[in-house]
Every structure is written in structure tokens, then in C-alpha cells.
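Summary of structural features
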Amino acid sequence: LTLHSKEAFTQYLPMLVQKFQNNAFFNPAIVGLEESSIEIAYQRRFFGSFNSINGISYNTYYAGAQFVIPETELGTGFNILSESIGLLDKLEISGSMAYHTEIINRIYWSVGLNAAYMQNSLNNRNIIPQNQDDLLLERLRNRAYNRLDFTFGSNLKTSFVDEGISVYRILSLLGFNT
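Here is a short report on the structure shown in this document.

Along the protein chain, the regular secondary structure elements total two helices and seven strands. Mapped in sequence order, the helices and strands of the protein chain form the string β-β-β-β-β-α-β-β-α. Looking at the protein chain residue by residue over its 178 residues, the buried ones come to 32%. Put simply, 56% of the contacts in the protein chain that link residues at least 6 apart link residues at least 24 apart.

Dropping the structure here:
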């Protein structure tokens, strides 16, 4: 397999939670493929000095679930992620739906769609400006960058192989959320 590209982009946003452990974030086709699950996580860390002006903390709250819809070939799920990283606050709420079918004896093919609402904003609760009339700081107060995006995925699962492909954040990829 050879891949050629004129341009490449990486790193969605600095997200310090280990969301790569939840494959439904990146490929909605696996939602409800095998079993139902519920996940809740909280994480708090500090870089640098604890509670000092030079230290940066981050907090992550996460809740997610995926369900097999009984007596159907469908799965559904949702994720809620809230992060505060230094001066950046992030909220992401998403829902997924997947269709699973057995194409040959114990070989399953799945397709899925995820819709996500994302909000990024400046966490200026701990900012003490030197100049109270700072125009840039005033423009950034109480502002948020909101967007809606979609992910499409497909997955092939056998007894020996579980391979998937997805197009992550389609509207951003096409330049609609920039």
C-alpha cells in the first residue's frame, strides 16, 4: 500500500484524554458491533508548579455509552467530553448510529455515521490583565467557537481480522469549519 499526498495535516486538537482507547470516537461503524458498554472518566493533572502561575493544569470529564439495539442490526452510542487545558476549554457532544450485517458466515460488515457538536472557548477565569482596557482580551471574553461536524466509517470484522476506515470530521476536512 502506497499513499501519495500533496498536503497532510495532523493532530485534531490537543486532547489529553486517552480517547484513542474508545474507537467509536474515530470510527462510528463499530458502535454496538459486539456489546453494550458505559464509560465514565475523570482526569486532572498539572504540568509545572502546582497551582502556580507557571503551572498548567488540565481537567477532563468524559461519559460515553454504546448499545446493541436488540433484534435489529443496529447499534447506537453517544459521547460527552469536557476538557479544560490551561486557557482552552473544550466541549464535545456526539451521537452515533451504525448498521451491521453478516455478509458471509461470521464475516460482518458495518457502516456508521457520527454527528458531533463541538465548542472551543477561552478559559479566562484565572487571567488577571495588566491593562484592564486590553482590546484583545475584551474581544476574547465570553466568546466560543461552535461547530457541527460528521464522521462516516466502515468496518469489516472476521474471526481473524477487524479492519476499519473512516472519514473523520467531514465538514472540517472540506473546509466548512475553518
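What follows picks up the thread again.
What follows deals with the packing of aromatic side chains. This model, assessed by the stated rule, comprises two aromatic pairs. Ring geometry for Phe26 versus Tyr168: centroids 5.0 Å apart, planes at 45 degrees, classification tilted. Placement of Phe26 in the segment before strand E1 (37-47) and of Tyr168 in the loop between strand E7 (162-167) and helix H2 (170-173) is noted, with a sequence separation of 142 residues between them. Consider the rings of Tyr42 and Tyr61, whose centres lie 4.9 Å apart with planes at 40 degrees: the pair is tilted. Taken together, the residues span a long stretch of sequence, with Tyr42 in strand E1 and Tyr61 in strand E2 (residues 56-68) at a distance of 19 residues.

Moving on: the pattern of salt bridges. All chains considered together, the criterion is met by four salt bridges. Glu92 serves as the salt-bridge partner of Lys90, at 3.7 Å between the closest nitrogen and oxygen. Overall, the relative accessible area of 1% leaves Glu92 in the buried class. In this structure, the salt-bridge partner of Glu92 is Arg169, at a minimum N-O distance of 2.5 Å.

Positive phi values are uncommon outside glycine, yet Glu71 reaches one of about 60 degrees. Although it is not a glycine, Arg106 sits at a positive phi angle of roughly 60 degrees. With respect to the element layout, Arg106 can be found in the loop between strand E4 (88-104) and strand E5 (107-122). Note on Arg106: relative accessible area 52%, which makes it exposed.

Our next topic: the pairing of E7. The sheet contact formed by strand E6 (residues 144-157) and E7 spans six bridges and is antiparallel. Its bridge partner being in E7, Leu156 is matched across the sheet by Glu163. What sits between the antiparallel neighbours E6 and E7 is a turn of four residues.

A separate point is the environment of Phe78. If you trace the backbone, Phe78 turns up in strand E3 (residues 74-85). Once residues lying within four places of it in the same chain are set aside, the contact partners of Phe78 are Ala63, Gly64, Ala65, Ser94 and Gly95.

Here Asn124 is to be found in the loop between E5 and helix H1 (135-140). On the basis of relative accessible area, Asn124 is assigned to the buried category, the value being 16%.

This brings us to the pairing of E3. Pairing of E3 with E4, which is carried by 12 bridges, proceeds in the antiparallel orientation. Bridging across to E4, Ile85 finds its partner in Leu88. Between E3 and E4, which pair antiparallel one after the other, the connecting turn spans two residues, and Gly86 there sits at a positive phi close to 60 degrees.

Reading the values: rules and limits
Residues numbered from 1 in each chain as written. Predicted model: local features only at pLDDT ≥ 70, side-chain atom pairs only at ≥ 80, totals over all residues. Heavy atoms only, no water. Helix = DSSP H or I, 4+ residues; strand = E, 2+ residues; numbered from the N terminus. Buried < 20%, exposed > 50% of the residue type's maximum accessible area, 1.4 Å probe, protein only. Contact = heavy atoms within 4.5 Å. Phe/Tyr/Trp six-rings, centres within 6.5 Å; stacked < 30°, edge-to-face > 60°. Salt bridge = Lys/Arg side-chain N within 4 Å of Asp/Glu carboxyl O. Pairing = 2+ DSSP bridges.

Treat this as a map of the structure, not an account of what it does.
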